[in-house]
Amino acid sequence: MHTLKSDIKKIGRLQKRPNFLRVAKEGKKWTSKSLILQAAPNNLGQARFGLTVTKKISKSAVVRNRIRRRLRAAAFEILPGAAKPGYDYVLIGRHETEKKDYTDLTKDLRWCLKRLELLTE
RNA sequence: AGACAAGGCCGGAUAGCUGCUGCAUCCUUAUAAAGGAUGGAGAGGAAAGUCCGGGCUUUACGGGAACACGGCGCCGGAUAACGUCCGGACAGGCUUAAACCUGAUGGAAAGUGCCACAGAAAACAGACUACCUCUAUUGAGGAAAAGGUGAAAAGGUGCGGUAAGAGCGCACCGCAUCGAUGGUAACAUUGAUGGCAUGGCAAACCCCGCCGGAAGCAAGACCAAAUAGGGGCUGCGUGCUGUAUAGCAGGAGCGUUCCCGCUCUGAGCAGUCCGGGUAGGUUGCUCGAGCCGUUUGGUAACAGACGGCCUAGAUGAAUAGCUAUCCCUCUCUUAUGAGGGGACAGAACCCGGCUUACAGGCUUUGUUUCGGA
RNA sequence: GCGGGUGUAGUUCAAUGGUAGAACGUCAGCCUUCCAAGCUGAAUAUGCCGGUUCGAUCCCGGUCACCCGCU
């Protein structure tokens, strides 16, 4: 399955540090093997997401970039159809994110959504 | 053909579906803004480390110089500049040998300082053992060759010479001074003279010569909400009198204090304007010491001429996800084939270098060995 | 991205270019019926690679790791 471009436009991006801090402080969290998902409600009626990959994961910029791209690709594919609107989502990369199969990555993301009871389908 | 050495270049390829970030053109509603369509572009040789040098920007000073501080240091050239590059000199090193490699390589005869331990002595000299002469216990004188210490011991080897010895004399080598020849120069070769003076360390202080003001795009410039605060104007208003100007009362300051005089203030509210400026946004931001090709000059670094080209510009930060075929490589298998892997590494204002990391491949040059004609 | 700093025993710190020390900690022994305290002794280090020097913790390059500041 491929996500339509119009669906992707429906979800926004988190870009400012205060938003990330708010999600980390107020939101719920679920950890899977390949990623950590944080979620907190916003009052916009729209889903937004952001990515966090720190230098702690890997010192190599190449590795960090690959993790970030894989997470973004998975988010664009899964979130528009599956995530509940009105929430901010933050995906945090882990060591496993680089090596794991892409299909497992999407499964993990769905699993995290389900455990946080934010899956809509 | 082999061995060795030194450079230069490349840094997986193609296609499909779905996406991301700028740019150009067009369309839609209503200029803004948003959305859509089409086209074309989208990481490196080191983008890295931030070790040097510049451009650019702000800042300091009226302008300049010097001191201090920091850096560099054989000679000649290249360059916008450099601690970089090219060519040469000298010293050291690898190799049987050669090609070749490495070098922060000015001055110790301007001055100061240091040279542990050992050793007689570590730098104005001088003498422990030992040597020679006289005296003959001892002491006085001569002399510095031999022993031993040390990283380093006041020229080295040989012959003559002598009581023993010594540059005391001679030859060669080294060193110093003055020349000659070659070279732009560093320097090399060589002649004469001197007769040993000048131990090492300047990546110790320092002297000499040259260079440098400082900070850095988070520099800097522009636009500019909300809130708080500053200033101007207008209106209403003031403890008392007055319609109002104003006067009196009050407060503050000055005249040394009181009296008295002068100046300022007087209570705020509303409206409006101005300036600074935070969040945020725009810009700086990619046409430049630019790249490619041909050609001329030069041993070369490089420079000139002609022709062609436009080649990332993000900002919680794009350049991707998945699949297939080919290429390289590893493992298993008799083979067909199956499976795994793809070096180092990600632009952030831009250039010139240096250093460090790097799977594999292509290619050029030099030296030398072997074979054939 | 830019600017600055630091690396020495297990820890906190010393050390004019000349045998790397101190305190606490660890281990062993003595003392004690046993433990603690005390006494005696031992082990344990200059981040790494080069250069200058007769000789580097120290001086000079490179490299690695860590820390701090600037929105």
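Since the structure is predicted, the reported quantities are computational estimates derived from the model, not experimental observations.

## A few points about the overall build of chain A
Helix and strand content of chain A: 5 helices and 5 strands. When each of the 121 residues of chain A is scored for burial, the buried share is 40%. A fraction of 79% describes how many contacts in chain A between residues 6 or more apart in sequence connect residues 24 or more apart. For chain A, the accessible surface area stands at approximately 7500 Å², while carbon and sulfur atoms represent 50% of it.

## Some remarks on helix α5 (residues 102–115)
With 14 residues, α5 ought to run about 20 Å at 1.5 Å a step, and its terminal C-alpha atoms sit 20 Å apart, in line with that. All of the buried residues in α5 are Leu 105, Thr 106, Asp 108, Leu 109, Cys 112 and Leu 113. Looking straight down α5, one finds its buried side chains confined to an arc of 155°; they lie on one side. Residues of α5 that are exposed and angled more than 90 degrees away from the buried face: Lys 107 and Lys 114. Turning to α5, the residues buried within the fold contact β2 (28–31), β3 (35–41), α3 (61–82), β5 (87–93) and α4 (96–99).

## Observations concerning the confidence of the model for chain A
Across chain A, the average pLDDT comes to 77, with 89% of residues at 70 or higher. No element of chain A has a lower mean pLDDT than helix α1 (residues 5–10), which averages 52, and none a higher one than β2, which averages 86. Contacts for the low-pLDDT stretch residues 1–6, under 50 throughout, to residues beyond four places or in other chains number 5 contacts. In the model output, the complex is listed with pTM 0.77 alongside ipTM 0.79.

## Considering the sheet that holds strand β4 (residues 48–52)
Ordered in space as β1-β4-β5-β3-β2, the 5 strands form an open sheet in which the pairing is mixed. In this open sheet, the two strands that pair with only one neighbour each are β1 (12–13) and β2. α3 rests against β1, β3, β4 and β5 of the sheet, and its axis sits at about 160° to β4. Along the sheet face, α5 touches β2, β3 and β5 and points at about 40° away from the line of β3.

## Focus on the layout of surface pockets
Within this model, the largest pocket holds a volume of roughly 240 Å³. Along the walls of the largest pocket sit 14 residues, with Gln 38, Thr 52, Thr 54, Val 90 and Ile 92 positioned nearest its centre. Elements that contribute at least two residues to the lining of the largest pocket include exactly α2 (17–26), β3 and β5. The leading source of residues in the lining of the largest pocket is α2, at 4 residues. For the lining of the largest pocket, the class distribution of residues is 7 nonpolar, 5 polar and 2 charged.

Conventions and cut-offs
- Residues numbered from 1 in each chain as written.
- Chains lettered and ligands numbered in written order.
- Predicted model: local features only at pLDDT ≥ 70, side-chain atom pairs only at ≥ 80, totals over all residues.
- Heavy atoms only, no water.
- Helix = DSSP H or I, 4+ residues; strand = E, 2+ residues; numbered from the N terminus.
- Buried < 20%, exposed > 50% of the residue type's maximum accessible area, 1.4 Å probe, protein only.
- Contact = heavy atoms within 4.5 Å.
- Areas by Shrake-Rupley, 256 points an atom, 1.4 Å probe, with all protein chains shown as cover.
- Expected span 1.5 Å × (residues − 1).
- Arc of directions from axis to C-beta.
- pLDDT = per-residue confidence, 0-100.
- Pairing = 2+ DSSP bridges.
- Axes fitted to C-alpha atoms, helices over the stretch in contact; angles between N-to-C directions.
- 1 Å grid on protein atoms, 1.4 Å probe; cavity = no way out; pocket = protein on both sides within 12 Å on 5 of 7 lines; lining within 4 Å.
- Points joined across faces, edges and corners; volume = space filled by probe spheres on them.
- Nonpolar A, V, L, I, M, F, W, Y, C, P; charged D, E, K, R; others polar.

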